[in-house]
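# Breakdown of the fold
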Amino acid sequence: MRGAAASAAAGSTTSPVTTRQVFIGRQAIFDEQRQVAAYALLYRHNDQTDSAQRGDRNATSVVMVDALMSIGFERLVGPQRAFLNMDTASLLAELPLSLPPQRVVIEVLETVAPEPPVLAALGHLRERGYRIALDDVVYQPALDPLLALADIVKVDLPAIADADLPAQVEALRRFGVQLLAEKVETEGQFARAQDLGFTLFQGYWLARPKTMTGSRGPDDRAATLRLAARLQDPALQTRELYDLVRHNASLSHRLLRYINSATFYLSRRIDSLRQAVVLLGQRQIGQIAALLLLDEGDSPPHELLGLTLLRARLCELLARERKLDPDAAFTVGLFSTAGLLLDQPLAAVMKDLPLSQPVVRAILHREGGLGRLLEAVVEYEQGHFEHPAVAELAGLDLTALYVDAVDFTQNILAASR
């Protein structure tokens with residue numbers, strides 16, 4: 001590993017610093033109860049000016065490992081494990097050995113062939129306590145040596161015909177591996193994968209809220225969404241802000257709990273709602289109001305809320321860098337998932353929200369500077385780092401901004417519990 005790291009460092013002496021930038025994103029992995037079990041970290045080395053390094057994925061992985069170690073697991077994935085992609089060169093260089101085995105799952109890319117040096121490296125990693133996952137597996141006997149070393153197998157559901165999936169699962173079960181279903185996009189796919197024996201799941205459908213029961217129904221959530229939208233209005237007067245808060249018992253309770261949390265390091269407890277409103281201000285109150293959109297203890301919606309807040313914060317930070325309105329950018333990010341929250345078409349939800357037309361057009365049609373910014377953030381989340389909208393942000397330290405957004409989100413969610 002030292003040789004690979006030294007080689008990557010040597011390459012950086014002949015290239016500008018921008019060639020070493022790493023894009024980092026993450027996608028949640030859920031268990032059968034739809035609890036977040038891990039995060040798949042998505043990354044790519046930005047190599048725009050040094051074409052000689054463009055095929056050097058080992059150098060990419062070196063930088064990724066360095067970034068992960070410097071940023072810290074807690075900031076990126078909390079207490080969960082991180083799934084990290086590794087290609088042949090990364091495995092042979094034993095890059096994972098610089099990472100704590102209890103915090104990572106080594107995800108072997110589908111391009112890795114079961115050659116003796118690779119199998120030996122994976123065997124060594126398993127002896128050191130690392131878990132091994134195989135990416136995008138379509139079973140064939142040639143994969144048996146890799147499957148014998150694997151703990152988890154990821155199956156891309158759209159890549160396998162429905163009629164062939166049971167046979168694929170049966171073949172993989174012989175190796176005693178845990179099955180992870182990728183690209184779960186419908187409830188039917190989730191249910192069928194469960195029936196077939198999958199115990200881990202990845203896909204955007206899992207971030208959708210469950211059917212709401214009890215005293216909190218769709219109308220309540222829609223009303224809270226309208227309240228959160230009203231709180232984004234920059235023309236809102238302090239008196240109206242206070243009235244909106246005090247007439248919403250859940251929001252009032254949440255604000256007092258939030259301002260008295262460790263996040264603020266206050267020397268005395270704040271018991272006055274009016275004082276809390278003054279200290280927090282409209283912007284933070286609007287952010288906290290978004291927490292009411294989901295019921296506590298419901299993990300997938302809680303994960304969707306985390307994604308929403310992270311997206312809003314990243315939009316805000318990027319807007320500052322691009323000399324756009326950061327508050328409007330936060331609003332665009334915040335309400336871009338409103339359709340998922342209410343399980344309705346986004347266009348229908350937007351009709352009932354008191355948001356400005358530029359904000360609505362940015363959310364629905366990606367129009368204007370804010371719309372383009374939202375498009376870049378959404379593509380970044382999905383790991384499409386080469387998308388034109390993301391490429392327009394070249395020169396910005398996206399990794400640092402993303403980590404800032406993660407910190408912001410974790411602080412708000414922690415204070416709300």
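As shown above, the structure is provided for reference.
Structural notes, computed from the coordinates. It should be emphasised that the depicted structure is a prediction, and the values quoted were computed from it without experimental measurement.

## Examining the packing of aromatic side chains
- Under the definition given, this model contains 5 aromatic pairs.
- Relative to Tyr402, the ring of Tyr380 lies with its centre 5.6 Å away and its plane at 45°, an arrangement referred to as tilted. Pair noted here: Tyr380 is in helix H18 (residues 368–381) and Tyr402 is in helix H20 (residues 398–416), with a separation of 22 residues, a long-range link.
- Taken together, Tyr380, Phe385 and Tyr402 form an aromatic cluster joined through their ring pairs.

## Concerning the layout of surface pockets
- Taken as a whole, the second largest pocket holds about 350 Å³ of empty space.
- Lining the second largest pocket are 17 residues, and of these Gln232, Asp233, Pro234, Asp327 and Thr331 lie nearest its centre.
- For the lining of the second largest pocket, the elements supplying multiple residues, two or more each, are helix H12 (273–289) and helix H14 (326–335).
- Per-element tally for the lining of the second largest pocket: the top contributor is H14, with 4 residues.

## Thoughts on the packing of H14 against H18
- Between H14 and H18, the least distance of the axes is 10 Å, while the angle of their chain directions is 50°. In terms of orientation, H14 lies oblique with respect to H18. H18 is crossed by H14, and the crossing has right-handed handedness. Contact residues: Ala328, Ala329, Val332 and Gly333 in H14; Leu370, Leu373 and Leu374 in H18.
- For the contact of H14 with H18, a count of residues per class yields 6 nonpolar, 1 polar and no charged.

## Observations concerning the pattern of salt bridges
- Summed over all chains, the structure comprises 15 salt bridges.
- A salt bridge links Lys154 to Glu107, with the nearest nitrogen and oxygen atoms 3.1 Å apart. Linking Lys154 in strand S6 (residues 152–156) with Glu107 in strand S4 (residues 104–108), this pair joins segments that are 47 residues apart in sequence.
- Given the relative accessible area of 1%, Lys154 is considered buried.
- Linking Asp404 and Arg313 is a salt bridge whose minimum nitrogen-to-oxygen distance equals 3.1 Å. In this pair, Asp404 is assigned in helix H20 and Arg313 in helix H13 (residues 299–321), connecting sequence segments 91 residues apart.
- Overall, the relative accessible area of 30% leaves Asp404 in the partly exposed class.

## Things to note about empty space enclosed by the protein
- Per the stated rule, a full pass over the model turns up 1 cavity of 30 Å³ or more.
- Counted as a void, the largest cavity has a volume near 50 Å³.
- Leu314, Leu318, Ala376, Val377, Tyr380, Leu393, Leu398 and Tyr402 are the residues that line the largest cavity.
- Element by element, the count of residues in the lining of the largest cavity is highest for H18, at 3 residues.
- Tallied by class, residues from the lining of the largest cavity come to 8 nonpolar, no polar and no charged.

## Quick word on the pairing of strand S7 (residues 178–182)
- Here S7 lies mainly inside the structure; 4 of its 5 residues are buried.
- Examined bridge by bridge, S6 and S7 share 5 bridges and lie parallel to one another. Across the sheet, the residue bridging to Val155 is Ala181, located in S7.
- You can see the chain leave S6, run along helix H7 (residues 165–173) and come back into S7, and the turn it takes is right-handed.
- As judged from the 2 bridges shared by S7 and strand S8 (residues 200–201), these two strands associate in the parallel manner. Within S8, the residue paired with Leu180 across the bridge is Leu200.
- Handedness of the S7-helix H8 (residues 187–196)-S8 crossover: right-handed.

## Focus: the side chain of Asp135
- With respect to the element layout, Asp135 can be found in the loop between strand S5 (131–134) and helix H6 (144–147).
- Here Asp135 occupies a buried position and makes no salt bridge, while the nearest side chain of opposite charge, Lys154, is found at 4.4 Å.

## Some remarks on H14
- The buried count for H14 comes to 8 of 10 residues, which makes it a mostly enclosed element.
- Listed as buried for H14 are Ala328, Ala329, Phe330, Thr331, Val332, Gly333, Leu334 and Phe335.
- Where H14 begins, the side chain of Asp325 points an oxygen toward the backbone nitrogen of Asp327, at a separation of 3.0 Å.

## Brief notes about the packing of H14 against helix H17 (residues 357–365)
- Here H14 crosses H17 at 45°, and the two axes come no closer than 10 Å. Looking at the two axes, H14 sits oblique to H17. Relative to H17, the crossing made by H14 is right-handed. Contacts from Thr331, Val332 and Phe335 in H14 reach Val359, Ala362 and Ile363 in H17.

## A word on the pairing of S4
- Summarising burial for S4: 5 of the 5 residues are buried, a large majority.
- Here S4 shows a buried face lined by Val104, Ile106 and Val108 and a second buried face lined by Val105 and Glu107.
- Where strand S3 (residues 81–86) meets S4, 5 bridges bridge the pair, whose relative direction is parallel. Of the residues in S4, the one forming a bridge with Ala82 is Val104.
- Here S4 pairs with S5 via 4 bridges, running parallel. Bridge pairing in S5 links Val108 to Leu134.

Quick notes on the rules
Residues numbered from 1 in each chain as written. Predicted model: local features only at pLDDT ≥ 70, side-chain atom pairs only at ≥ 80, totals over all residues. Heavy atoms only, no water. Phe/Tyr/Trp six-rings, centres within 6.5 Å; stacked < 30°, edge-to-face > 60°. Helix = DSSP H or I, 4+ residues; strand = E, 2+ residues; numbered from the N terminus. 1 Å grid on protein atoms, 1.4 Å probe; cavity = no way out; pocket = protein on both sides within 12 Å on 5 of 7 lines; lining within 4 Å. Points joined across faces, edges and corners; volume = space filled by probe spheres on them. Axes fitted to C-alpha atoms, helices over the stretch in contact; angles between N-to-C directions. Parallel < 35°, antiparallel > 145°, perpendicular 65-115°, else oblique. Left-handed = near helix turned anticlockwise from the far one by under 90°. Contact = heavy atoms within 4.5 Å. Nonpolar A, V, L, I, M, F, W, Y, C, P; charged D, E, K, R; others polar. Salt bridge = Lys/Arg side-chain N within 4 Å of Asp/Glu carboxyl O. Buried < 20%, exposed > 50% of the residue type's maximum accessible area, 1.4 Å probe, protein only. Pairing = 2+ DSSP bridges. Right-handed = clockwise from strand over helix to strand, strands pointing away. Lys, Arg positive; Asp, Glu negative; His and termini not counted. Polar contact = N/O pair within 3.5 Å; in protein donor to acceptor, adjacent residues only side chain to side chain.

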